[in-house]
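The residues making up each chain are set out below.
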Amino acid sequence: MAEASRWHRGGAPKHSLHYSKEVEIRTTLQELALYFIFLINLCILTFGMVNPHMYYLNKVMSSLFLDTSVPGDERTNFKSIRSITDFWKFMEGPLLEGLYWDTWYTNKTLYDLKNTSRIYYENILLGVPRVRQLKVRNNTCKVYSSLQSLMNECYDRYTSKNEDLADFGLKVETEWKYATPDSTSPWHWGFVGVYRNGGFIFTLSKSKSETKNKFINLQLNSWITRGTRVIFIDFSLYNANVNLFCIIRLVAEFPATGGIITSWQFNSVKLLRYVSYYDYIIASCEITFCIFLIVFTTQEAQKVREFKSAYFKSVWNWLELLLLVLCFVTVSFNVYCNIQIFLLLGDLLKNTEKYSDFYFLAYWHTYYNNIIAVTIFFAWIKIFKFISFNKTMSQLSSTLSRCIKDIVGFAIMFFIIFFAYAQLGFLVFGSQVDDFSTFQNAIFAQFRIVLGDFNFAGIQQANRILGPIYFITFIFFVFFVLLNMFLAIINDTYSEVKADYSIGRRPDFELGKMIKKSYNNALEKLRLKKPEEGEDEKSAKSGDLVERARREGFDENEIQSAKQMKKWKERLEKKYYSAEIQDDYQPVTQQEFRDGTTTKYKMILLECLTK
């Protein structure tokens, strides 16, 4: 009858709740174990794609082409190019010497060259390098009428609409004739513009002397004009010792303001994926990853079908969906990259007398690495879904969940002041200080100021009045006031959560108890630990203690009061520790506290009864 009334009230009998809880805990443990296997497989997969030699290959190539000085001028290298004259000196000096290695350091001819260059004796130059220029037309901008007598030509910044498509100069070779861009080639995002493929292109020769004569001829015939906006130098290397391709791009941008801004890209990638035995282990991990992806997708589809709209009310379910989407994108990128490598790599390696455009393959391979890096990041974040079995980690999650509203309110106030200072710094110092040259740079510069990295001398030199005022007020309001308010919000919330946990107002760590119980059972079976007392033994021991209390002079009222306190304690434990109760954070009422007040002897008796 009691069980029927319990079902009538919408509850469940204790043994049913206990059984469902056991099933839920075991299911959670199985999910955790399965997910750890998936995470380990993903880590092996991602770390297997990264080779420590990638960094060293990029470093040695950048040192050769970026840091090598022009002969006779130790201050000029690719990084310090500021004029067209410096650019041609680099082309005829460090670039030419870095690309053509045909003799050993003893001036003996290198072995087995096969009409190729061996940079640093170990890196084969694939095909021939390519130099490409993009220009803009004249009169793409307007000169003010009063100044037209001084200047009647105007070359605007580079855009696809402003690009000059007409042949110029000698109009006899490819470097003087415009080549239409390939629709599949990626655009290049530079400092002052976004540049597409195509333009005025020429490739270098296999002979060092012919290439040098080519540079001299281009310089004499003014290949670089006022309309030039960017020059790309592209070439690719392969190191068989570490099975890595190094795709190099040196960029010289010619902004409309004059001068030259240099940038570079060194991408070391592993295009030949399956060569060694370790590579085949990575391939097996990729297959396992796909199997896990199918299993997880099926599980989430079943959950959506079962819970319907309620499924989307959980943050962890949204994280699960995001992780699945990233996994599918990763698999798609991997398949696309492997198909492109299979289709293009053979043709690129055959054409040794032409430019081998490995930049396309490196571009998509870099995006694949970025996607899988984001995927494994969120895969590790998902571990927080299973932290309820640990008290310390649960305190962290409880603290963040409690103070999220206060943090959102504080963030609104913080960013209002932060963006106000960013706009002030951009408008006042933008034309003088590099850190404030754009609004985006000003925002990052202020974050660096908060972390202690700032250039006060540059700010003060840009504006001697507003500079110090800006700096002092920003440090005071943002660093001393707002940042400490943020820390105070988290600190107060953590103190509240810790106080609640200390008096028993905490969630039930049933998963942790289950793990501990399984661990103890394993130790007992291995006879490494004595078995614990059963419930019957504890009851018998409690009855013996009652008889002992009577013999020692305690009257029946005191014994009944102690029993009442034991029931009160069990009720509180059920209220604050049990997963059956939805609200784990109900305050203790005054009546409950008064009911629990007792004498020192009653407390001693209670301890004896509850042991």
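Residues numbered from 1 in each chain as written. Predicted model: local features only at pLDDT ≥ 70, side-chain atom pairs only at ≥ 80, totals over all residues. Heavy atoms only, no water.

(A) Molecular detail of the overall build of the protein chain. Each helix and strand in the protein chain was counted, giving 17 helices and eight strands. Expressed as a percentage of its 611 residues, the buried residues of the protein chain come to 39%. Taken as a whole, the protein chain presents about 36,500 Å² of accessible surface, with 60% of it coming from carbon and sulfur. (Helix = DSSP H or I, 4+ residues; strand = E, 2+ residues; numbered from the N terminus. Buried < 20%, exposed > 50% of the residue type's maximum accessible area, 1.4 Å probe, protein only. Areas by Shrake-Rupley, 256 points an atom, 1.4 Å probe, with all protein chains shown as cover.)

(B) Main features of the state of the cysteines. Within this structure, the stated rule accounts for one disulfide. Residue pairing for cysteine 141: its cysteine sulfur links by disulfide to cysteine 154, the two sulfurs lying 1.7 Å apart. Since a negative S-S torsion denotes a left-handed disulfide, the cysteine 141-cysteine 154 link at about -110° is left-handed. One end of the pair, cysteine 141, is in the loop between strand 2 (123–135) and strand 3 (188–189); the other, cysteine 154, is in the loop between strand 2 and strand 3, and 13 residues separate them in sequence. (Disulfide = S-S within 2.5 Å.)

(C) Quick peek at unusual backbone geometry. You will see that tyrosine 120, though not glycine, has its phi angle at about 55°, which is positive. Take tyrosine 120: it is sitting in the loop between strand 1 (118–119) and strand 2. Look at tyrosine 120 and you get partly exposed, because its relative accessible area is 30%. One non-glycine residue, serine 222, lies in the positive phi region at around 55°. Structurally, the position occupied by serine 222 is in the loop between helix 5 (208–220) and strand 6 (228–239).

(D) Quick look at the side chain of arginine 196. Its location among the elements puts arginine 196 in the loop between strand 4 (194–195) and strand 5 (200–203). Judged by relative accessible area, which is 19%, arginine 196 ranks as buried. Here the side chain of arginine 196 touches glutamate 163 through a polar contact of 2.8 Å, side chain to side chain. (Polar contact = N/O pair within 3.5 Å; in protein donor to acceptor, adjacent residues only side chain to side chain.)

(E) Quick look at the packing of aromatic side chains. Inspection of every chain in the model, using the stated rule, returns 51 aromatic pairs. Plain terms: the ring middles of tyrosine 363 and tryptophan 364 are 5.5 Å apart, the flat faces sit at 90° to each other, and that makes the pair edge-to-face. Residue class for tyrosine 363 comes out partly exposed when judged on its relative accessible area of 23%. A relative accessible area of 26% means that tryptophan 364 is categorised as partly exposed. The rings of Phe410, Phe414, Phe415, Phe418, Phe419, Tyr421, Phe429, Phe436, Phe447, Tyr470, Phe474 and Phe486 are connected pair by pair, giving a single aromatic cluster. When the ring centre of phenylalanine 168 is taken as origin, the NZ or CZ atom of lysine 135, which lies over that ring, is 3.5 Å away. In this arrangement the basic side chain of arginine 249 is found over the ring face of tyrosine 359, its NZ or CZ atom lying 3.8 Å from the centre. (Phe/Tyr/Trp six-rings, centres within 6.5 Å; stacked < 30°, edge-to-face > 60°. Lys NZ or Arg CZ within 6 Å of the ring centre and 35° of its normal.)

(F) The pattern of salt bridges, seen in detail. One pass over the full model with this rule turns up 14 salt bridges. Of the charged contacts, one joins glutamate 175 and lysine 214 as a salt bridge, the two residues approaching to 2.7 Å between their closest N and O atoms. A residue pair is termed long-range when its members are at least 10 positions apart, and glutamate 175 in the loop between strand 2 and strand 3 and lysine 214 in helix 5 qualify at 39 residues. Residue glutamate 175 is classed as buried on the basis of its relative accessible area, which comes to 2%. Close ionic contact of glutamate 286 with arginine 273 constitutes a salt bridge, the shortest N to O distance being 2.6 Å. (Salt bridge = Lys/Arg side-chain N within 4 Å of Asp/Glu carboxyl O.)

(G) View of a nonpolar patch on the surface. On the surface, a nonpolar cluster with roughly 610 Å² of combined accessible area is contributed by Trp316, Phe377, Ile381, Phe384, Met393, Leu396 and Leu400. Elements with a contribution of two residues or more to the nonpolar patch: helix 8 (359–381) and helix 9 (391–429). At three residues, helix 9 tops the list of elements feeding residues into the nonpolar patch. Relative to the helices and strands, methionine 393 is located in helix 9. (Patch = residues over 30% accessible without salt bridge, like charges linked within 9 Å, V, L, I, M, F, W, Y side chains within 5 Å.)

(H) Quick look at the nonpolar core. Counting 42 residues, the largest nonpolar core has Phe65, Leu95, Trp223 and Leu250 as the members making the most contacts within it. Among the elements of the structure, helix 3 (53–66), helix 4 (84–99), strand 2, strand 5, helix 5, strand 6 and strand 7 (244–253) are those that each provide at least two residues to this core. With seven residues, the single largest contributor to this core is helix 4. The residues contacting phenylalanine 65, other than those within four sequence positions of it, are Phe78, Phe90, Leu95, Gly98, Leu99, Ile119, Phe235, Ile248 and Leu250. Core analysis: the second largest hydrophobic core is formed by 26 residues, Leu42, Ile376, Ala379 and Phe386 among them. (Core = buried A, V, L, I, M, F, W, Y, C linked by side-chain atoms within 4.5 Å. Contact = heavy atoms within 4.5 Å.)

(I) Main features of the environment of glutamate 173. Locating glutamate 173 in the fold gives a position in the loop between strand 2 and strand 3. Sequence separation between glutamate 173 and phenylalanine 202 is 29 residues, and the spatial gap between their C-alpha atoms is 8.3 Å.

(J) Region of interest: the confidence of the model for the protein chain. Of the residues in the protein chain, 78% have a pLDDT of 70 or more, and the chain-wide mean is 81. The least confident element of the protein chain is helix 1 (residues 2–8), whose mean pLDDT is 40; the most confident is strand 7, at 94. Note that pLDDT drops below 50 for residues 1–18; the model gives that stretch 11 contacts with residues more than four away or on any other chain. The low-confidence segment residues 576–606, where pLDDT is below 50, has 54 contacts with residues more than four positions distant or belonging to other chains. (pLDDT = per-residue confidence, 0-100.)

(K) View of helix 6 (residues 277–307). Taking 1.5 Å of rise per residue, 31 residues should cover 45 Å, and helix 6 covers 45 Å from first to last C-alpha, within 8% of that figure. Those residues of helix 6 lying buried are Asp279, Ile282, Ala283, Cys285, Glu286, Phe289, Phe292, Leu293, Phe296 and Glu300. (Expected span 1.5 Å × (residues − 1).)

(L) The packing of helix 4 against helix 5, seen in detail. Across the interface, helix 4 lies against helix 5 with an axial gap of 10 Å and an inter-helix angle of 170°. When the axes of helix 4 and helix 5 are compared, the pair comes out roughly antiparallel. Here Trp88, Met91, Glu92, Leu95, Leu96 and Glu97 of helix 4 lie close against helix 5, whose contacting residues are Lys208, Thr211, Lys212, Phe215, Ile216, Leu218 and Gln219. The residue makeup of the contact of helix 4 with helix 5, split by class, is seven nonpolar, two polar and four charged. (Axes fitted to C-alpha atoms, helices over the stretch in contact; angles between N-to-C directions. Parallel < 35°, antiparallel > 145°, perpendicular 65-115°, else oblique. Nonpolar A, V, L, I, M, F, W, Y, C, P; charged D, E, K, R; others polar.)

(M) Representation of the environment of phenylalanine 479 within the structure. Note on placement: phenylalanine 479 falls in helix 12 (residues 466–502). What makes phenylalanine 479 partly exposed here is its relative accessible area of 31%. C-alpha of phenylalanine 479 to C-alpha of leucine 451: the two residues are 28 residues apart in sequence and 9.1 Å apart in space. In this structure, phenylalanine 479 is in contact with Val450, Phe474 and Asn484, ignoring residues within four places of it in sequence.

(N) Spotlight on helix 7 (residues 315–350). The end-to-end C-alpha distance of helix 7, which contains 36 residues, comes to 52 Å, matching closely the 52 Å that a straight helix rising 1.5 Å per residue would cover. Leucine 344 marks the point of greatest bend in helix 7, at about 35°. You can read the cap of helix 7 off the contacts: a side-chain oxygen lies 3.3 Å from the backbone nitrogen of tryptophan 316, and it is on serine 314. (Bend = angle between axes of the 7 residues up to and from the residue.)

(O) Here's a closer look at the environment of cysteine 290. When you line up the elements, cysteine 290 lands in helix 6. On the basis of relative accessibility, which here comes to 33%, the residue cysteine 290 falls in the partly exposed class. The spatial distance from the C-alpha of cysteine 290 to the C-alpha of valine 331 is 7.9 Å, given a sequence separation of 41 residues.

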